[in-house]
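# Structure assessment
What follows is the residue order along each chain.
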Amino acid sequence: MSQPIVVTRFAPSPSGELHLGNARTALFNWLHARRHGGRFLLRIEDTDAERSKAEFTAQLLEDLRWLGLEWDAGPGREDAAAPYEQSRRGAVYRAALERLEREERVYPCFCSTLEIEVSRRAQIAAGKPPRYAGTCRALDAAGRAARLAEGRKPTLRFRVPDSGKVEFVDLVHGEQSFSCSDLGDFVVQRADGSAAFFFSNALDDALMGVNVVLRGEDHLSNTPRQLLIAMALGMSMPTYGHLSLITGDDGAPLSKRHGARSLRQLREAGYLPEAIVNHLFRLGHSSALAGLQSLASLAEHFDTAHLGKSPARFDTVQLDVWQKEAVHRLDPERASAWLRPYLPAELAPDVERAFVAAIQQNLILPQEAAVWAQVVFGDAAPTSLADPAGESVAAIRAAGRDFFIAASAVVREQGADWKTLTGALKERTGRKGPDLFKPLRHALTGSAHGPELAPLLLLMGGARVIARLEHAATVA
Ligand code: GLU
């Protein structure tokens, strides 16, 4: 018999912007589906009307597309299992819940939040794991009717078997076993009539044919409850893999404090999707694969057997290493588009192309181009030359006034050509190596490092180069 096709999904709750942890979950599910020639679904878990926002959903779709993680079915790509927004699946949940009600697998619970909190605290104080005490489990029809008559709005709770175990094998954590007696009856329908997470999530996975779920470790303890729901409905359950937490370099869960930003913020800062997916690929997933890889190549090398249990450390320095490599490989058209917001508006297309080519290899983020645009197209002298204690002034003074007078004379006579300039200066001043290049670089750009000077000089043009050299002569 042939193996069923692998179906994975990403099921975000649109209650905020997509962060790196969720982006990694999406990526791993996408990679796993691609690796096995399967399908990747996108389901929006927006049953919590208060916390879910349409703009977060829109942002999510945009972020996923930007990362390159297109879905085979989901919002905007409906198939027979649609809709893929849980807020539109109320009737599906209702029908399944009615069935469970008829079979007495669920019961109405009238306990208030306060009553539950009091019971929870009492259990904790008694050193027991807190779980629903079962107060409403034994209510008879009259008891229920009386509470309804008081105007109480019940939730529906799933009746967890009193004894027995729920067992499953997790792709990351191996064999798992939970005692039913520890689980407590849990809510499957909220008091406002909407389906609760455990229920809608488990039911939808079954109805949508999802057979592999990679998701955050924080959901591991939810899994036995979800298995109980699927069993009660006679439905099959996916195989789960619970991904290790992503932490900052201090080992604490990743947060803003670690420089972690939402996908939108990273994109707006100029990070490239290639850099992000390459970093995420190696967070909690070990791989011998070196160098920046395409999504297709990452998919080829993704293996759930390589998912690790220990927390994965997010590292902005490492992200920047990938970013540098991604920038390095941008083709001219994408490089120009990436930099355009930071380029002078009036550049002729060929000048823009030459400028981008000249600076691209020196950039990590696009706003750094503004500095080089100022160097190449600006008329003001580099600001570092106004700092008498700075290294530019020191380097210029060490070369001396005559050096710059000679340099500007060469450019006047022979144009702004780097090779000609350095060749002639070497002859006239006897300087070579760093003694020759360093003061020139400082005088022309105001800094010790940067892109190759030859193409910059061409773009700057004679007048600007002469003005800089003459200004340096006054500083020296
Ligand atoms: N909506 C849940 C979340 O964002 C989905 C969990 C799951 O992937 O099953 O955490």
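Look up: the structure comes first, before these words.
Quick summary incoming for the structure in this document. (Residues numbered from 1 in each chain as written. Predicted model: local features only at pLDDT ≥ 70, side-chain atom pairs only at ≥ 80, totals over all residues. Heavy atoms only, no water.)

Pairing within the open sheet is antiparallel, and its three strands lie in the order β3-β4-β7. Of all the strands in the sheet, just β3 (106-109) and β7 (186-189) have a single pairing partner and so form its edges. Geometrically, the sheet is characterised by an average inter-axis angle of 45° between neighbouring strands, direction not taken into account. Direction of pairing for β3 relative to strand β4 (residues 155-158): antiparallel, over a ladder of four bridges. Bridge pairing in β4 places Pro108 opposite Leu156. (Pairing = 2+ DSSP bridges. Helix = DSSP H or I, 4+ residues; strand = E, 2+ residues; numbered from the N terminus. Axes fitted to C-alpha atoms, helices over the stretch in contact; angles between N-to-C directions.)

This part covers the site of the ligand. Around the ligand, a shell composed of Arg9, Ala11, Pro12, Ser13, Glu45, Phe197, Asn201, Arg215 and His219 is seen. Between the ligand and Asn201 there is a distance of 3.0 Å, counted from an oxygen atom to a side-chain nitrogen or oxygen. At 2.8 Å from an oxygen atom of the ligand is found a side-chain nitrogen or oxygen belonging to Arg215. Calculation on the ligand without its partners gives an accessible area of 300 Å², and the protein chains cover 85% of this total. Partitioning the shell around the ligand into residue classes produces three nonpolar, three polar and three charged. (Near = heavy atom within 4 Å. Polar contact = N/O pair within 3.5 Å; in protein donor to acceptor, adjacent residues only side chain to side chain. Areas by Shrake-Rupley, 256 points an atom, 1.4 Å probe, with all protein chains shown as cover. Nonpolar A, V, L, I, M, F, W, Y, C, P; charged D, E, K, R; others polar.)

Attention now moves to the state of the cysteines. On inspection of all chains with the given rule, the structure shows zero disulfides. Sulfur of Cys136: no disulfide; nearest cysteine sulfur belongs to Cys111 and is 3.7 Å away. Cys136 gets classed as buried once you look at its relative accessible area, which sits at 4%. Note on Cys180: no disulfide assigned, nearest cysteine sulfur contributed by Cys109 at a separation of 19 Å. The class for Cys180 is buried, based on a relative accessible area of 5%. (Disulfide = S-S within 2.5 Å. Buried < 20%, exposed > 50% of the residue type's maximum accessible area, 1.4 Å probe, protein only.)

A few words on the pairing of strand β2 (residues 39-42). With four bridges joining them, strand β1 (residues 7-10) and β2 adopt parallel strand pairing. In the sheet register, Phe10 faces β2, and the bridge partner there is Leu42. You can see the chain leave β1, run along helix α1 (residues 20-35) and come back into β2, and the turn it takes is right-handed. (Right-handed = clockwise from strand over helix to strand, strands pointing away.)

In this section: helix α2 (residues 54-67). Over its 14 residues, α2 runs 20 Å from end to end, which matches the ideal 20 Å to within 8%, given 1.5 Å per residue. Buried within α2 are the following residues: Thr57, Gln59, Leu60, Leu61, Asp63, Leu64 and Leu67. Next to the buried residues of α2 lie β1, α1, β2, α8 (263-269), α9 (273-281) and α10 (295-301). (Expected span 1.5 Å × (residues − 1). Contact = heavy atoms within 4.5 Å.)

Right, let's get into the environment of Lys153. Examined against the element boundaries, Lys153 turns out to sit in the loop between α5 (141-149) and β4. For Lys153, a relative accessible area of 62% gives the class exposed. Spatially, the C-alpha atoms of Lys153 and Leu456 are 72 Å apart, while their sequence positions differ by 303 residues.

Two faces make up the sheet, and in a regular strand the side chains alternate between them. Pairing of strand β5 (residues 165-170) with strand β6 (residues 174-179) involves six bridges; the strand directions are antiparallel. The residue bridging Phe168 from the neighbouring strand is Gln176, located in β6. Two successive antiparallel strands, β5 and β6, enclose a turn made up of three residues.

Core analysis: the largest hydrophobic core is formed by 97 residues, its most contacted members being Leu31, Ile276, Phe355, Phe404, Leu421 and Leu469. Excluding anything up to four places from it in sequence, Leu31 contacts Phe281, Leu295, Leu298, Ala299 and Phe302. (Core = buried A, V, L, I, M, F, W, Y, C linked by side-chain atoms within 4.5 Å.)

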